[in-house]
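Chains, contacts and geometry: an overview
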2 protein chains.
Amino acid sequence: MNAPLKPPKRTRIQTEKRERILEAALEVFSTNGFRGSTIDQIAEAAGMSKPNLLYYFRSKEDMHQTLISKLLDTWLEPLRELDDSRDPLTELRGYIRRKLEMARDYPRESRLFANEILQGAPRILPLLEGELKSLVDEKARIIKNWIRAGRIAPTDPYHLIFSIWATTQHYSDFDVQVRAVLGYDHYGEGRFEDAARFLENLFLDGLRPRG
Amino acid sequence: MNAPLKPPKRTRIQTEKRERILEAALEVFSTNGFRGSTIDQIAEAAGMSKPNLLYYFRSKEDMHQTLISKLLDTWLEPLRELDDSRDPLTELRGYIRRKLEMARDYPRESRLFANEILQGAPRILPLLEGELKSLVDEKARIIKNWIRAGRIAPTDPYHLIFSIWATTQHYSDFDVQVRAVLGYDHYGEGRFEDAARFLENLFLDGLRPRG
DNA sequence: CTAACGTTTGTCCATTCAGTAAAAATGCAC
DNA sequence: GTGCATTTTTACTGAATGGACAAACGTTAG
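Residues numbered from 1 in each chain as written. Chains lettered and ligands numbered in written order. Predicted model: local features only at pLDDT ≥ 70, side-chain atom pairs only at ≥ 80, totals over all residues. Heavy atoms only, no water.

Re the packing of aromatic side chains
Test applied: Two aromatic rings, drawn from Phe, Tyr or Trp (for Trp, its six-membered ring), form a pair once their centres lie within 6.5 Å of each other, and the interplanar angle then sorts them: stacked below 30 degrees, edge-to-face above 60, tilted otherwise. Where helices and strands are cited, they refer to DSSP runs of H or I of at least four residues and of E of at least two residues respectively, numbered from the N terminus. In this scheme, the term charge over a ring applies when either NZ of a lysine or CZ of an arginine sits within 6 Å of the ring centre and within 35 degrees of the ring normal.
Applying the stated rule across the entire model yields 12 aromatic pairs over all chains. Where Phe162(A) meets Tyr171(B), the ring centres are 6.4 Å apart and the plane angle is 85°; that geometry is what we call edge-to-face. In this pair, Phe162(A) is assigned in helix H8 (residues 157–173) and Tyr171(B) in helix H8 (residues 157–173), connecting two distinct chains. Site record: aromatic cluster; members linked through ring pairs are Phe162(A), Trp165(A), Tyr171(B) and Phe192(B). Lying over the aromatic face of Trp75(A), Lys99(A) brings its terminal NZ or CZ to 4.6 Å of the ring centre. Here the guanidinium or amino end of Lys60(B) rests over the ring plane of Phe34(B), the centre of that ring lying 4.7 Å away.

Some words on helix H5 (residues 88–105) of chain A
Our working rule: Given a helix with a known number of residues, its expected span is that number minus one, times 1.5 Å. The contact criterion used is simple: two residues touch if any of their non-hydrogen atoms lie within 4.5 Å.
Given a rise of 1.5 Å per residue, 18 residues ought to cover 26 Å, and the 25 Å separating the end C-alpha atoms of H5(A) matches this to within 8%. Against the buried residues of H5(A) lie helix H4 (60–80), helix H6 (107–118), helix H7 (125–148), H8 and helix H10 (191–205) of chain A.

A closer look at the domain arrangement of chain A
Residue and element names in this part refer to chain A. The test is simple: Domain start and stop points were drawn from an automatic or database domain assignment. As used here, buried area is the combined drop in accessible area, with a 1.4 Å probe, of two parts when they are placed together. Whenever Lys or Arg places a side-chain nitrogen within 4 Å of a carboxyl oxygen from Asp or Glu, that contact is recorded as a salt bridge. Contacts described as polar in this section are N or O atom pairs within 3.5 Å, which, within protein, must combine one atom able to donate a hydrogen with one able to accept it, while residues neighboring in sequence count only if both atoms come from side chains. Any residue outside Ala, Val, Leu, Ile, Met, Phe, Trp, Tyr, Cys, Pro, Asp, Glu, Lys and Arg is labelled polar, Gly included; the first ten of those are nonpolar and the last four are charged.
Structurally, chain A comprises domain 1 (1–57) and domain 2 (70–205). Each of domain 1 and domain 2 has a C-alpha centre, and the two are 28 Å apart. At the interface, 9 residues of domain 1 touch 7 residues of domain 2. Interface area, domain 1 with domain 2, both sides summed: about 710 Å², of which 54% is carbon and sulfur. In terms of surface lost to domain 2, no three residues of domain 1 exceed Leu26, Ser30 and Phe34, which account for 59% of the buried area on that side. Between Lys70 and Glu19 there is a salt bridge, with its nearest N and O atoms 3.9 Å apart. For the pair domain 1 and domain 2, the number of links is 2 residue pairs in polar contact (both at pLDDT 80 or more). Looking at the side of domain 1 that touches domain 2, its residues break down into 4 nonpolar, 2 polar and 3 charged.

Here it is in structure tokens:
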């Protein structure tokens, strides 16, 4: 089941070069979007000439496709870890934290993904309807069971997941806006801890003062 | 204080045509991003020739700039309405609902904005650092007062506002993903009501079961 | 009618950009 | 080394696109 199609059989050099190119492509695509990026930019960022780059990747599309495919797997990992058998609130808190850590550690991936969805997900709609939907369905079932058992408050599991995605990815996708509003002085290393504390609080207890 | 600079002194026809162009430009820019859109596309959508369009707008930049400027005002209106003097929870619930309604009624504007921020806000960073920051600072002060008075639970007002932005705009910006995950059968007219109910619940009470 | 003005169109140009072709250089097995 | 495969460079093509411009068209005031 592991990589069922074409074992590309690459030399060490090819693997390394492809890696370097993808790294550069991620940088460029995530800041300029697909149409806003040029092969020349990517080539420059990867430290090689455009035709040389095109020796390793057939086309611009090809690079983008490769990036997106690799991305989705990493992206869903935190959700996959959501575990039936442990304490619900701890599990959800853990999920939020892992997702926020991804936003912190992989902001370029997040923006690449956001760009793709914003444009209507032309290249990954099938993946969203298939793999993504299945996973979310599965985890939603888990959450529903928690609710039925009275272990978390009744709520819509799908929208819950959406809101976790939205709030955490906001810190990578809208980073510029966050920084502008918080002001560049207050915006040190502690900001992700602040966000984490806030989100944990919000999702667990909400705004209404607890009796 | 109304339109302090250059009264453009336009004929009725000019106003109408410019309106028609901006409408078309919004449609095109919001689906393809700035670089992904061509003047020809916009001209076609507006039902006129490219040179004709360029008679009304100096350049592609010009159209984009005009759209973005108009946008921010509308965009901040819901937050402006947040009122010191009324019940905090009602006020915040009202803000969430208004913001969600904007996401429903102006998805193209939302995506245009998201695109701009994603690319690093090259054209509106000053506005974010100025107008936006001031407004948020002002409203954050109100929220802090509510907290001090014990009328809402202690939390970070800035991150609270961010999370309201994130969750509501998610339904316009990531609409494709939301639809793909919910499945197209369950995805009828009621979805915005579902989202509204969920968010209200989340922000007010969180997930922990109330005693 | 006609001069003046605002509007529209057809045509053109320069640039950018994805992708190709083929030669040149490099590495590598023997 | 010699011959073969891989990699890199130089030079180019063709399409897309933003924008310029002048001529043509229409409308209206006198």
